[in-house]
Each structure stands twice: as C-alpha cells, then as structure tokens.
Amino acid sequence: MNFLNPFFLIGLAAISIPLIIHLINLRKPDRIAFSTTAFLEELQKSTIRRLRIKDYLLLAMRILAIVLLVLALAGPFLPPEWSGVASSNEPVLYAVLLDNSPSMGQIDANGPYEEQAKDLLRRFVEKARSQD
C-alpha cells in the first residue's frame with residue numbers, strides 16, 4: 001500500500017496526546033479516612049473497576065480516531081499492479097462527466113471551454129481500444 005501524501009503520517013505522533021492526558025489523570029487522590037465511608041468501600045471498589053474499563057476504552061477510541069484521521073489524510077491507495085486488476089487484455093470501463101453549466105461558455109485563446117472539453121473527450125475516445 002502506498003500513500004498519496006506520506007508526509008501526513010508524521011501526524012501519528014499525535015497519538016501521544018491522549019496517552020499523556022491519560023497518564024496525567026492516573027494520579028491517585030489523597031485518602032482521607034472517615035468513619036462513615038467504611039460502608040461504601042465495597043461499592044467504591046466495583047465502581048472504580050468499572051470506571052477504569054471505561055477509561056481504557058475511551059483511550060483506545062481516541063487513539064483509533066487519531067490513527068484513522070491521519071491515515072485518511074495520508075491518502076492510502078493500492079496500485080493496480082498489486083491488486084491484479086490491471087491486465088492489458090481486459091476491457092476498461094470509463095466514465096466521463098461533462099459540465100454544461102454557463103461557466104463552460106467562457107472563451108479563452110483556444111475557444112470556448114465547452115468545445116475544448118469536447119475535443120479532449122473525442123481524442124480520449126479515439127485512443128481507447130474497441131473493447132473498452
């Protein structure tokens with residue numbers, strides 16, 4: 001797999017941000033003993049376990065979101081040679097979209113844009129094989 005913009009892969013260093021935030025929040029609070037909290041100690045242990053699981057899941061989701069964003073920005077693609085799709089004998093399907101909005105009526109030194117586009121498409125069709 002190749003990337004169209006491999007420079008964006010440097011953004012994977014941003015994974016360290018949620019890790020640092022997570023490690024900063026791991027500080028244990030000071031314990032203060034109260035006689036009334038003895039009854040709540042068992043409830044507190046199960047609650048803490050549940051919160052830790054949620055914290056780890058949240059950390060994993062944040063890291064995954066950053067990785068997916070960076071990979072999407074890097075533009076991954078699979079060259080046709082690797083996928084086995086590009087063989088010289090198989091017909092190729094082309095799709096063309098020609099804009100016929102008023103902006104294509106503009107004229108430059110080579111004539112109207114619409115006519116230039118049509119000429120380009122004619123040359124493209126002439127170069128295509130008969131089975132394409």
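Everything here concerns the structure above.
Computed from a predicted structure; not experimentally measured.

Calculation rules
Residues numbered from 1 in each chain as written. Predicted model: local features only at pLDDT ≥ 70, side-chain atom pairs only at ≥ 80, totals over all residues. Heavy atoms only, no water. Helix = DSSP H or I, 4+ residues; strand = E, 2+ residues; numbered from the N terminus. Contact = heavy atoms within 4.5 Å. Areas by Shrake-Rupley, 256 points an atom, 1.4 Å probe, with all protein chains shown as cover. Salt bridge = Lys/Arg side-chain N within 4 Å of Asp/Glu carboxyl O. Buried < 20%, exposed > 50% of the residue type's maximum accessible area, 1.4 Å probe, protein only. Phe/Tyr/Trp six-rings, centres within 6.5 Å; stacked < 30°, edge-to-face > 60°.

Enquirer: Honestly, the overall build of the chain in this entry has me stumped. Any pointers?
Expert: Of the regular secondary structure elements, the chain holds four helices and four strands. Ordered by position from N to C terminus, the α and β elements of the chain give β-α-α-β-α-β-β-α. A sequence separation of at least 24 residues applies to 79% of the contacts in the chain between residues at least 6 apart. Only carbon and sulfur atoms are counted for the fraction: they give 65% of the accessible area of the chain, which is about 11500 Å².

Enquirer: What am I meant to see in the pattern of salt bridges here?
Expert: Side chains that carry opposite charge are capable of pairing whenever their charged atoms lie near each other. The tally for this structure, following the rule as stated, stands at two salt bridges. Measuring nitrogen to oxygen at the nearest pair gives 3.8 Å for the salt bridge that ties Lys118 to Glu114. Highlighted residues: Lys118 and Glu114, both in helix H4 (residues 113-127), separated by four residues, approximately one helical turn. A residue is classified by how much of its surface remains accessible, and Lys118, at 30% relative accessible area, is partly exposed. By relative accessible area, which is 25% here, Glu114 ends up partly exposed. Put simply, Arg122 and Asp119 hold a salt bridge, and the shortest N to O gap is 2.6 Å. Residue Arg122 and its partner Asp119 are located together in helix H4, separated by three residues, close to a single helical turn. Under the relative-accessibility criterion, Arg122 is labelled partly exposed at 44%. Overall, the relative accessible area of 38% leaves Asp119 in the partly exposed class.

Enquirer: Explain the side chain of His22 to me, please; I cannot follow it from the model alone.
Expert: Take His22: it is sitting in helix H1 (residues 16-24). Take His22: its relative accessible area is 14%, and that puts it in the buried class. The residues contacting His22, other than those within four sequence positions of it, are Asp55, Tyr56 and Leu59.

Enquirer: Help me understand the packing of aromatic side chains in this model?
Expert: By convention here, two paired aromatic rings are described through the distance between centres and the angle between planes. Taken as a whole and judged by the stated rule, the model has one aromatic pair. Centroid distance Tyr94 to Phe124: 4.9 Å. Interplanar angle 85 degrees. Geometry classified as edge-to-face. You can see Tyr94 sitting in the loop between helix H3 (80-83) and strand E3 (107-108) and its partner Phe124 sitting in helix H4, a full 30 residues away along the chain.

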